[in-house]
Amino acid sequence: MKRRALLAAAAASVPSLALAQAWPTRPIRLVVPYPPGGASDITARLLAQDLSGVLGQPVAVENRGGAASITGTQAVATAAADGHTLGVVDTAFVVNPALFGARLPYDTLRDFTPVSLLVRAPLALVVPAAAPWADVAALVAEARARPEQLSFGSAGNGTAVHMAGEQFRQAAGFTYLHVPYRGGGPMITDLLAGRVQMAFGTVPAIAEHVRAGRLRALAITGAARSALLPAVPAMAEAGLPAVDAALINALVGPAGLPAPVVDRLAEAARGVIAGAAIRSRLAELGFDPVGGTPAELRASLAAEIPRWEAIVRAGGITPD
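Just so we're clear, the structure is a prediction, and the values are computed from it rather than from any experiment. (Residues numbered from 1 in each chain as written. Predicted model: local features only at pLDDT ≥ 70, side-chain atom pairs only at ≥ 80, totals over all residues. Heavy atoms only, no water.)

Asks: For the overall build of the protein chain, give the residues involved together with the corresponding values.
Replies: Per the secondary structure count, the protein chain includes 11 helices and 10 strands. Taken over the C-alpha trace, the protein chain has a radius of gyration of 21 Å; the compact-globule value for 320 residues is 20 Å, and the two agree within 12%. In terms of principal-axis extent, the alpha carbons of the protein chain reach across some 75 × 40 × 40 Å. Considering the protein chain as a whole, with its 320 residues, one finds that 49% of them fall into the buried category. Considering only contacts in the protein chain between residues 6 or more positions apart, those separated by 24 or more positions represent 77%. Accessible surface computed for the protein chain: about 13800 Å², of which carbon and sulfur atoms make up 57%. (Helix = DSSP H or I, 4+ residues; strand = E, 2+ residues; numbered from the N terminus. Rg over C-alpha atoms; globule rule 2.2 N^0.38 Å. Buried < 20%, exposed > 50% of the residue type's maximum accessible area, 1.4 Å probe, protein only. Contact = heavy atoms within 4.5 Å. Areas by Shrake-Rupley, 256 points an atom, 1.4 Å probe, with all protein chains shown as cover.)

Asks: Run through the layout of surface pockets, naming residues and quoting values.
Replies: The computed volume of the largest pocket comes to approximately 1000 Å³. Surrounding the largest pocket, 43 residues form its lining, Y34, A155, T159, A160 and G183 being those nearest its centre. With 5 residues, the single largest contributor to the lining of the largest pocket is helix 4 (residues 92-100). When the residues that make up the lining of the largest pocket are grouped by side-chain class, the tally is 23 nonpolar, 17 polar and 3 charged. (1 Å grid on protein atoms, 1.4 Å probe; cavity = no way out; pocket = protein on both sides within 12 Å on 5 of 7 lines; lining within 4 Å. Points joined across faces, edges and corners; volume = space filled by probe spheres on them. Nonpolar A, V, L, I, M, F, W, Y, C, P; charged D, E, K, R; others polar.)

Asks: I'd love a proper account of the pattern of salt bridges, names of residues and values included.
Replies: All chains considered together, the criterion is met by 13 salt bridges. Salt-bridge contacts for D111 lead to R110; the nearest nitrogen and oxygen are separated by 3.3 Å. With its nearest N and O atoms 3.1 Å apart, the salt bridge here joins R169 to E166. Placement of both R169 and E166 in helix 6 (residues 160-172) is noted, with a separation of 3 residues, approximately one turn of the helix. For the residue pair R169 and E166, the accessibility class agrees, reading buried in each case. Several salt bridges share partner residues, and in doing so they unite R29, E62 and R64 into one network. (Salt bridge = Lys/Arg side-chain N within 4 Å of Asp/Glu carboxyl O.)

Asks: How would you sum up unusual backbone geometry? Please name residues and give values.
Replies: Residue P24 follows W23 across a cis peptide bond; omega there is 0°. With a phi angle near 55°, A68 is a residue other than glycine that sits in the positive phi range. In this structure A68 comes out as partly exposed when scored by relative accessible area, which is 42%. In this structure, S69 takes a positive phi of about 80° despite not being glycine. Summarising the element assignment, S69 is placed in the loop between strand 2 (59-63) and helix 3 (70-77). A residue is classified by how much of its surface remains accessible, and S69, at 3% relative accessible area, is buried.

Asks: Give a detailed account of the side chain of Q167, specifying residues and quantitative values.
Replies: Within the fold, Q167 resides in helix 6. Separated by 3.2 Å, the side chain of Q167 and the backbone oxygen of A242 make a polar contact. Setting aside anything within four residues of it in sequence, one finds Q167 in contact with A242, V243, D244, A245, R307, W308 and I311. (Polar contact = N/O pair within 3.5 Å; in protein donor to acceptor, adjacent residues only side chain to side chain.)

Asks: Outline the environment of D288, listing residues and values.
Replies: Within the element layout of this structure, D288 appears in strand 10 (residues 288-289). Apart from residues lying up to four places away in sequence, D288 is in contact with L118, V119, R120 and P122.

Asks: So, the environment of L99: which residues are in play, and what are the values?
Replies: Mapped onto the elements of the fold, L99 is located in helix 4. Other than its neighbours up to four places away in sequence, L99 contacts G158, V312, I317 and P319.

Asks: Quick rundown of the packing of helix 2 (residues 39-55) against helix 9 (residues 259-274)? Include the residues and the values.
Replies: As a packed pair, helix 2 and helix 9 sit with axes 9 Å apart at the nearest point and diverge in direction by 125°. Comparing their axes, helix 9 and helix 2 come out oblique. The handedness of the crossing between helix 2 and helix 9 is right-handed. The segment helix 2 lies against helix 9, with L47, D50, L51, V54 and L55 engaging R264, L265, A268, A269 and V272. Looking at the contact of helix 2 with helix 9 residue by residue, the classes come out as 8 nonpolar, no polar and 2 charged. (Axes fitted to C-alpha atoms, helices over the stretch in contact; angles between N-to-C directions. Parallel < 35°, antiparallel > 145°, perpendicular 65-115°, else oblique. Left-handed = near helix turned anticlockwise from the far one by under 90°.)

Following this line, the structure appears as structure tokens:
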């Protein structure tokens, strides 16, 4: 009986093995739900370059920006579940369910197949160099003493840097005047000029300004310091371990992606992310390479979505 069961199991695995070996049979489309040049686009292009060689088919990045990343993300959700259309999504993937609710044309957990969390990038809390606050405690003390008087700049409602600000505000227990911009560039410009008092930014975007003495970085989100700004303490060191917002890039496919394809794709992606050259390039960009498993990404999504729903609800945040 035991021998028959083993033979049956071996026979059942043959079609799955054959499917994994046969895929891909044509070029793969890697959808990025943003215009070219952003963090997700850079991650996708680094991945695509080496993934093409591993899988034996071209992997072409397709930029489909618009509607707070919804347009491109929906294109992945509605694609055929054959492994030839995939997506590189970011923090909006777990924040948009809270921002848009029933208006979101897909279900983030139901309509996608998680493949791998590719990279994670912490954010930096920064203030103008002329600001009087030397550390997080001083900034929080003044913000508490002057409710809604200090202004917080963001790249727009619902963006990752806005969510970091809300997480910080709620964890530290103060209120601010939120000033949303249309993108990170204008926000940094006004921060440099002192027209807003604080903001969160990606470490590479602000590191040069910090080193040149134009901005002061008070903390890095999460538990660890950034290699690009090693003198800046982590939020956990500042007594706010709950402030751990970060940019993420994850690889997903449409729901129903065959398990053998998912397994082969996840293994290939992990191998690419583990490569010395790509890890070095990602480190220059302020990204921490992850290369997680499908199960790890699924668990992360299931935990992150309700966490951001609570922050959005408590902050009364609505999309532009």
